[in-house]
There are 2 protein chains.
Amino acid sequence: MASLGELERAVMDLLWAGHEAATANTLRDMLAQSTAAQGGAAGHEGKDLAVTTVLTVLSRLEKKGLVERERGTRPHRYQAVSSREDHTAELMHEVLGSAPDREAVLARFIGSVTESEAETLRKLLGHS
Amino acid sequence: MASLGELERAVMDLLWAGHEAATANTLRDMLAQSTAAQGGAAGHEGKDLAVTTVLTVLSRLEKKGLVERERGTRPHRYQAVSSREDHTAELMHEVLGSAPDREAVLARFIGSVTESEAETLRKLLGHS
DNA sequence: CGTTGTTTTCTACGCAACGTAGAACATCAA
DNA sequence: TTGATGTTCTACGTTGCGTAGAAAACAACG
């Protein structure tokens, strides 16, 4: 239960955009943002969706544990449970986890990262 | 187009099992193996599937580019295009690739590998 | 308190992927 | 030719996702 659809991903992108600010978004905020983003690079722009559509998606994302909703306030407020980076890293672990020979996978994996990323990794791994 | 269903994965596991041996499998081989594996640990065991079911799955896997089939020989022979490790590593790159801040993701990723794996990574990354 | 605009829930349709397999066609061995 | 075996075609049921209407819950105003 890890993969997201196109619209689900677009909604998560909205939430992730403001994840730092710990600013939980209302539905109306999000719709405004998404309409404003018209003409942006990302994939899902073009038509405006019905309010209920976004709500349905948010509910599904909540059920998947990716979104948290404050039910206390009256216009409910939504926010991503974890940052995009954390989520992606978690996904990578999920993929890796299902492998019997993790180290062999890692070997091939680092075999095709860019040199600059390899450099970053060296720094992060530090000295033995 | 990256994710596999449960049965698709089970079939790939069969093919991956003998990927080293460059031994392309016939359908009958695979059915025998899968029946033999009854009582094994993996998830999908329990009932025997119809021959056509496995064939359909193989066709779908072929369309996805994960399986190659020799059409020349009469009982066709099937084999995984790449090893399980390569495939998993590729998947990890796919997940990573969609991130705007790859290095931040990598940072979090290596933050939660086991020490032994970190050691392996250090060796593989080698000297600057 | 009732009318009205906003927000949330419930329900549902269409489509695609996947598990599943029957029916029919092709091929090989006797 | 006749079985036995292998392959293709087609299809049905389920589930996830994009999409949204209808209706219920609620807030604010007069």
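Just above sits the structure.
The structure contained in this document is the topic of the report that follows. All values reported here derive from a predicted model rather than from experimental measurement.

## Things to note about the pairing of strand β2 (residues 77-80) of chain B
Residues and elements named next belong to chain B.
For step 1, the next point in the chain: The alternating pattern of β2 places Y78 and A80 on a buried face and R77 and Q79 on a face that is not buried.
For step 2, the next point in the chain: Both strand β1 (residues 67-70) and β2 contribute to a ladder of 4 bridges, which runs antiparallel. Looking at β2, one finds that R69 is bridged to Y78.
For step 3, the next point in the chain: Connecting the antiparallel pair β1 and β2 is a turn made up of 6 residues.

## Some words on the protein's contact with DNA strand C
For step 1, the next point in the chain: In the neighbourhood of DNA strand C, 26 residues make up the surrounding shell, with R28 and H76 of chain A together with E6, L7 and T56 of chain B lying closest.
For step 2, the next point in the chain: A share of 61% is what sugar and phosphate atoms reach among the atoms of DNA strand C within 4 Å of the protein.
For step 3, the next point in the chain: Between a phosphate oxygen of DNA strand C and a main-chain N or O atom of S3 of chain B, the distance comes to 3.1 Å.
For step 4, the next point in the chain: Among the secondary structure elements, those contributing two or more residues to the surface near DNA strand C are α3 (51-63) of chain A together with α1 (6-17) and α3 (51-63) of chain B.
For step 5, the next point in the chain: Element by element, the count of residues in the surface near DNA strand C is highest for α3 of chain B, at 5 residues.
For step 6, the next point in the chain: Residue composition of the surface near DNA strand C, grouped by class: 7 nonpolar, 8 polar and 11 charged.

## Details of the protein's contact with DNA strand D
For step 1, the next point in the chain: Around DNA strand D, the structure places 25 residues, and the nearest of them are E6, L7 and T56 of chain A together with R28 and H76 of chain B.
For step 2, the next point in the chain: Among atoms of DNA strand D positioned within 4 Å of the protein, sugar and phosphate together represent 59%.
For step 3, the next point in the chain: Taking A50 of chain A, its main chain carries an N or O atom lying 3.2 Å from a phosphate oxygen of DNA strand D.
For step 4, the next point in the chain: R69 of chain B is positioned with one of its side-chain polar atoms (N or O) 2.7 Å from a phosphate oxygen of DNA strand D.
For step 5, the next point in the chain: Taken together, the elements giving at least two residues each to the surface near DNA strand D come down to α1 (6-17) and α3 of chain A together with α3 of chain B.

## Comments concerning the side chain of E85 of chain B
For step 1, the next point in the chain: Along the chain, E85 of chain B falls in helix α4 (residues 84-97).
For step 2, the next point in the chain: In this structure E85 of chain B is buried but unpaired, with R84 of chain B as the nearest side chain of opposite charge at 4.5 Å.
For step 3, the next point in the chain: If we skip the residues at most four places from it in the chain, E85 of chain B touches D101, A104, V105 and R108 of chain A.

## Observations concerning the packing of aromatic side chains
For step 1, the next point in the chain: Applying the stated rule across the entire model yields 1 aromatic pair over all chains.
For step 2, the next point in the chain: Ring centres of F109 of chain A and F109 of chain B lie 6.4 Å apart, and the angle between their planes is 55°; this geometry places the pair in the tilted category. A residue pair is termed interchain when its members come from two chains, as with F109 of chain A in helix α5 (residues 102-110) and F109 of chain B in helix α5 (residues 102-110). F109 of chain B shares its class with F109 of chain A; the two are buried.

## Describing the interface of chain B and chain A
For step 1, the next point in the chain: Taken together, the contacts link 37 residues of chain B with 37 residues of chain A.
For step 2, the next point in the chain: In terms of surface lost to chain A, no three residues of chain B exceed M92, F109 and L125 of chain B, which account for 17% of the buried area on that side.
For step 3, the next point in the chain: Viewed at the interface, chain A and chain B are joined by 4 salt bridges.
For step 4, the next point in the chain: As a salt-bridge pair, E117 of chain A and R102 of chain B come within 2.4 Å of each other at their nearest N and O atoms.
For step 5, the next point in the chain: Here chain B is connected to chain A by 14 residue pairs in polar contact (both at pLDDT 80 or more).
For step 6, the next point in the chain: At the level of secondary structure, the elements contributing two or more residues to the side of chain B that touches chain A comprise α4, α5 and α6 (115-125) of chain B.

## Topic: helix α2 (residues 27-36) of chain B
Residue and element names in this part refer to chain B.
For step 1, the next point in the chain: Among all positions in α2, only L27, M30 and L31 are buried. On an axial view of α2, the arc spanned by its buried residues comes to 100°, and they lie on one face. In α2, the exposed residues that point more than 90 degrees away from the buried face are R28 and A36.
For step 2, the next point in the chain: In this fold, the buried residues of α2 make contact with α1, α3 and β2.

So, how was this worked out
- Residues numbered from 1 in each chain as written.
- Chains lettered and ligands numbered in written order.
- Predicted model: local features only at pLDDT ≥ 70, side-chain atom pairs only at ≥ 80, totals over all residues.
- Heavy atoms only, no water.
- Buried < 20%, exposed > 50% of the residue type's maximum accessible area, 1.4 Å probe, protein only.
- Helix = DSSP H or I, 4+ residues; strand = E, 2+ residues; numbered from the N terminus.
- Pairing = 2+ DSSP bridges.
- Near = heavy atom within 4 Å.
- Polar contact = N/O pair within 3.5 Å; in protein donor to acceptor, adjacent residues only side chain to side chain.
- Nonpolar A, V, L, I, M, F, W, Y, C, P; charged D, E, K, R; others polar.
- Lys, Arg positive; Asp, Glu negative; His and termini not counted.
- Salt bridge = Lys/Arg side-chain N within 4 Å of Asp/Glu carboxyl O.
- Contact = heavy atoms within 4.5 Å.
- Phe/Tyr/Trp six-rings, centres within 6.5 Å; stacked < 30°, edge-to-face > 60°.
- Buried area = accessible area lost by both parts, 1.4 Å probe.
- Arc of directions from axis to C-beta.

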